[in-house]
Amino acid sequence: MREEIIRAVELTKVFNGLRAVDRVTFSVREREIFGFLGPNGAGKTTTINMLTTVLKPTSGRAEVCGYDVVREPEKVRRSIGVVPQEYTADEDLTGYENVMLCADLYGLPKEEGRRRALELLSLVQLEPFKDKRVETYSGGMRRRLELACGLINRPKVLFLDEPTLGLDVQTRASIWEHIRSLRGRFGMTIFLTTHYLEEADQLCDRIAIIDHGRIVEEGSPSELKDSLGGDLLTLECEGDGVEEILRAVEGVKEVRREGGEYRVKVGRGETVAPLLLRLLTDRGVTVKRLSLTKPTLDEVYLERTGRSLRDQEESPEQGIRQRVTLRRARS
Amino acid sequence: MQGFLALTRRELKKWYKEPLLLLITVLQPLIWMVFLGKAMNIGAVFGGGVPPELANQLMLRSFGTTDYFSFMATGMIAMSCLFTTMFTGFSIIWDRRLGFLNKVLSTPVSRASIVLSKILYATLRSSFQVLIILGAALALGLKTGPGFHPLYLLGVLLVAFLLCVAFSSLFLMLALRSTRWETPMAMVNLMVMPLMFASNVFFPAELMPGWLKAVASANPLSYANDAVRQFTIYRLDAGALLRDLTYLGLLTLAISSLSVYLAKRYLSR
């Protein structure tokens, strides 16, 4: 078992009576990519802000790299990197100047800072643009620049808040690639928040679904999907006693007849399907059509957070930041 | 220290890399000097029948100099400090809104550096304007006092420095926890005019009604103006100068320490 590098116990933040984060308890293990998945205003950013010492928890406690976020914020800050949801790089400065600014904020010696800045800029493929003002960067370039800034102190834990907010599909995929390769290269633990299910599914080893400030589900993407009861086989067949035959097969959890179709819930669809097919054929049933549906994280998510539309209960401040980010991402 | 310098450099770069902004910083004090400085020609009130001897004496008794432009121009130094530092707080609101502040707060840079860099930036920018005002005032015919020495201008810069640190700390404090401009903006508006008029910027406090004189005598602007005038247009009175500098020094120390204390406490919400 790898060591726990982030541990939050009953972490709570109340803003003017609103419980933005409500007794959240979880832990993240070393070298894991852990995702907080939830709708806007669920408390994801507030949690990150507490873990990164920007906000003080109302109650509960949290440790990052073994340091308490309230009692030893200095030590926490030295061991983490943060890539906020917003584009925080200064538009009037060049990419290189921005990374150097971060290097200075961490007090790196000049030479070391310069070396790392250049190395990181080339790692995120911004080397050719390093002397251009950030104003001229595209959304994807800005995000990569933020990544470079967040890595300047070689953090043990990297926090990514909505790392692909507002980016197009290609850019998003390339940011994912960068995140994965970063973990491989630096052996970091990554804590990210997202409201994109696909992102959580693709990227995370473990996910916590958070809604209204509380964790409603936790596990690996496949565990979460399994929690829905596994895969779904849909069959269209001709013959007698189909339902009885299906029920007798090992691995079948539930059989329902809807119209002319049988909907069968099974553990592992790809292993059960051939078995079913052979059995039915042996008993003289003709299978005309068979399809396999894997549960998606979307379904887990919707089941746990409800299907109703959200009027985002976020602060005006956060609303503005998000709009600014979206606008810049598209520029 | 490194983080502090880097943050200050960031602010400075935004200023000097923008030619238009730089040009405005240069133009603004010049415009004030030319228009406002020359507009109120109080000396002309005594024109016509009043003998020039008497007029000069009256001016000297009220303003400490025979030339109102010189009185006004020197008052403008402190006024420009006030006007250039009054928006210091807004940059921290802006940083908060853009998320930059949160990023900086998550780094080990000291909270004091975050506010001090903004204070230093406002002060440097303002001091630059003071230099231009001084130059313009001299070019437009500032009548220096008896015993004036060019090195006294360094004294003027010192006064401007102290005053700017005090004002920018004050205005920064107002915005430390704000997420919107409206309230700090209203507060700044509320404070600026009384600060300016209840002082000796335009008119000697000695000639004001008693209660207003009391207000003016607590106003740092009055001390700054007096100190500047001691250095430039008055016959230097060491006692008065010492009083001015002590008051300004202590006040500046108090306000800036308070702003650092509040920053440590309240920048993280």
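A.B. asks: Please provide a residue-by-residue account of the overall build of chain B, values included.
C.D. replies: Looking only at helices and strands, one finds 12 helices and zero strands in chain B. Starting at the N terminus and ending at the C terminus, chain B contains elements arranged as α-α-α-α-α-α-α-α-α-α-α-α. Relative to the globule expectation of 18 Å for 269 residues, the C-alpha radius of gyration of chain B, 20 Å, shows essentially globular dimensions. Taken across its 269 residues, chain B has 42% of its residues classed as buried.

A.B. asks: Describe the overall build of chain A, with residues and values.
C.D. replies: Across its full length, chain A holds 12 helices and 14 strands. When burial is assessed residue by residue, chain A has 44% of its 331 residues classed as buried. Partitioning the contacts of chain A with sequence separation of at least 6, the portion at a separation of at least 24 is 71%.

A.B. asks: Residues and numbers for the interface of chain B and chain A, please.
C.D. replies: In this assembly, 22 residues from chain B lie in contact with 27 residues from chain A. Taken together, the elements giving at least two residues each to the side of chain B that touches chain A come down to α1 (2–16), α5 (88–98) and α6 (100–105) of chain B. Among the elements that make up the side of chain B that touches chain A, the one with the highest residue count is α1 of chain B (six residues). Residues belonging to the side of chain B that touches chain A are distributed by class as follows: seven nonpolar, eight polar and seven charged.

A.B. asks: Can you tell me about the sheet that holds strand β9 (residues 206–211) of chain A, naming the residues and giving the values?
C.D. replies: All names here are of chain A. Taken in spatial order, the six strands line up as β6-β7-β8-β3-β9-β10 in an open sheet, and their pairing is mixed. Since the sheet does not close on itself, it has two edges, and those belong to β6 (80–83) and β10 (214–219), each with one partner. When strand polarity is set aside, the average angle formed by the axes of neighbouring strands in this sheet is 15°. Where strand β3 (residues 33–37) meets β9, four bridges bridge the pair, whose relative direction is parallel. By the bridge assignment for β9, Phe-36 is matched with Ala-208. Along the sheet, helix α5 (residues 139–150) makes contact with β6 and β7 (157–161), crossing β6 at roughly 165°.

A.B. asks: Describe the pairing of strand β1 (residues 4–15) of chain A, with residues and values.
C.D. replies: The side chains of a regular strand alternate, first on one face of the sheet and then on the other. Residue and element names in this part refer to chain A. Inspection of the sheet shows β1 paired to strand β2 (residues 18–29) by eight bridges, in the antiparallel sense. Pairing of Val-14 across the sheet is with Arg-19, part of β2. Between β1 and β2, which pair antiparallel and follow one another directly, the connecting turn spans two residues, one of which, Asn-16, has a positive phi of 45°. As defined by bridge partners, β1 adjoins strand β4 (residues 59–64) across five bridges and the pair is classed as antiparallel. Across the sheet, the residue bridging to Arg-7 is Glu-63, located in β4.

A.B. asks: Help me get a handle on helix α1 (residues 44–51) of chain A, residues and values and all.
C.D. replies: Residues and elements named next belong to chain A. Judged by how many residues are buried, α1 sits mostly within the fold: eight of eight residues are covered. Lys-44, Thr-45, Thr-46, Thr-47, Ile-48, Asn-49, Met-50 and Leu-51 are the residues of α1 that are buried. Count one or two residues on from α1 and you reach Thr-53, which has phi positive near 70°.

A.B. asks: I'd like a description of helix α3 (residues 95–105) of chain A, backed by residues and values.
C.D. replies: One turn of an α-helix holds 3.6 residues; hence residues three or four places apart share an orientation. The buried count for α3 of chain A comes to 11 of 11 residues, which makes it a mostly enclosed element. Of the surrounding elements, those touching the buried residues of α3 of chain A are α4 (110–123) and α5 of chain A together with α1 and α6 of chain B. One or two steps after α3 of chain A, the chain reaches Gly-107 of chain A, where phi turns positive at roughly 70°.

A.B. asks: I'd like a rundown of the pairing of β6 of chain A, residues and numbers included.
C.D. replies: Residues and elements named next belong to chain A. Burial along β6 is two-sided: the face carrying Ile-80 and Val-82 and the face carrying Gly-81 and Val-83 are both buried. Taken together, the four bridges between β6 and β7 define a ladder with parallel strand orientation. What sits directly across from Ile-80, in β7, is Val-157.

A.B. asks: Describe the packing of helix α4 (residues 68–85) of chain B against helix α11 (residues 220–232) of chain B, with residues and values.
C.D. replies: In a packed pair of helices, the relevant descriptors are the angle between the two axes and the axis-to-axis distance. Residue and element names in this part refer to chain B. Interaxial distance between α4 and α11 falls to 8 Å at its minimum, and their mutual angle equals 140°. In this view, α4 runs oblique relative to α11, as classed from their interaxial angle. α4 and α11 meet at a crossing whose hand is right-handed. Of the residues in α11, those in contact with Thr-74, Gly-75, Ile-77, Ala-78 and Leu-82 of α4 are Leu-221, Ala-224, Asn-225, Val-228, Arg-229 and Thr-232.

A.B. asks: Describe in detail the environment of Asp-231 of chain A, supporting the description with residues and values.
C.D. replies: All names here are of chain A. Looking at the secondary structure, you find Asp-231 in strand β11 (residues 231–238). Given 23 C-beta atoms within 10 Å, Asp-231 falls into the buried group. Spatially, the C-alpha atom of Asp-231 lies 8.8 Å from that of Glu-270, the residues being 39 residues apart in sequence. With residues near it in sequence (within four places) discarded, Asp-231 still touches Val-266, Arg-268, Gly-269, Leu-292, Thr-293, Lys-294 and Pro-295.

A.B. asks: Before we move on, could you go through the sheet that holds β4 of chain A and cite the residues and values that matter?
C.D. replies: Hydrogen bonding along the main chain pairs the strands of a sheet, whether they run parallel or antiparallel. Residues and elements named next belong to chain A. Ordered in space as β2-β1-β4-β5, the four strands form an open sheet in which the pairing is antiparallel. The sheet terminates laterally at β2 and β5 (67–68), the two strands that pair on one side only. One ladder, built from two bridges, connects β4 with β5; its direction is antiparallel. Counterpart to Val-64 in the pairing with β5 is Tyr-67. Running at roughly 120° to β1, α1 makes contact with β1, β2 and β4 of the sheet.

The rules behind the values
Residues numbered from 1 in each chain as written. Chains lettered and ligands numbered in written order. Predicted model: local features only at pLDDT ≥ 70, side-chain atom pairs only at ≥ 80, totals over all residues. Helix = DSSP H or I, 4+ residues; strand = E, 2+ residues; numbered from the N terminus. Rg over C-alpha atoms; globule rule 2.2 N^0.38 Å. Buried ≥ 20, exposed ≤ 12 C-beta atoms within 10 Å, placed from the backbone. Contact = placed C-beta atoms within 7 Å. Nonpolar A, V, L, I, M, F, W, Y, C, P; charged D, E, K, R; others polar. Pairing = 2+ DSSP bridges. Axes fitted to C-alpha atoms, helices over the stretch in contact; angles between N-to-C directions. Parallel < 35°, antiparallel > 145°, perpendicular 65-115°, else oblique. Left-handed = near helix turned anticlockwise from the far one by under 90°.

Function-wise, these values are silent; they only describe arrangement.
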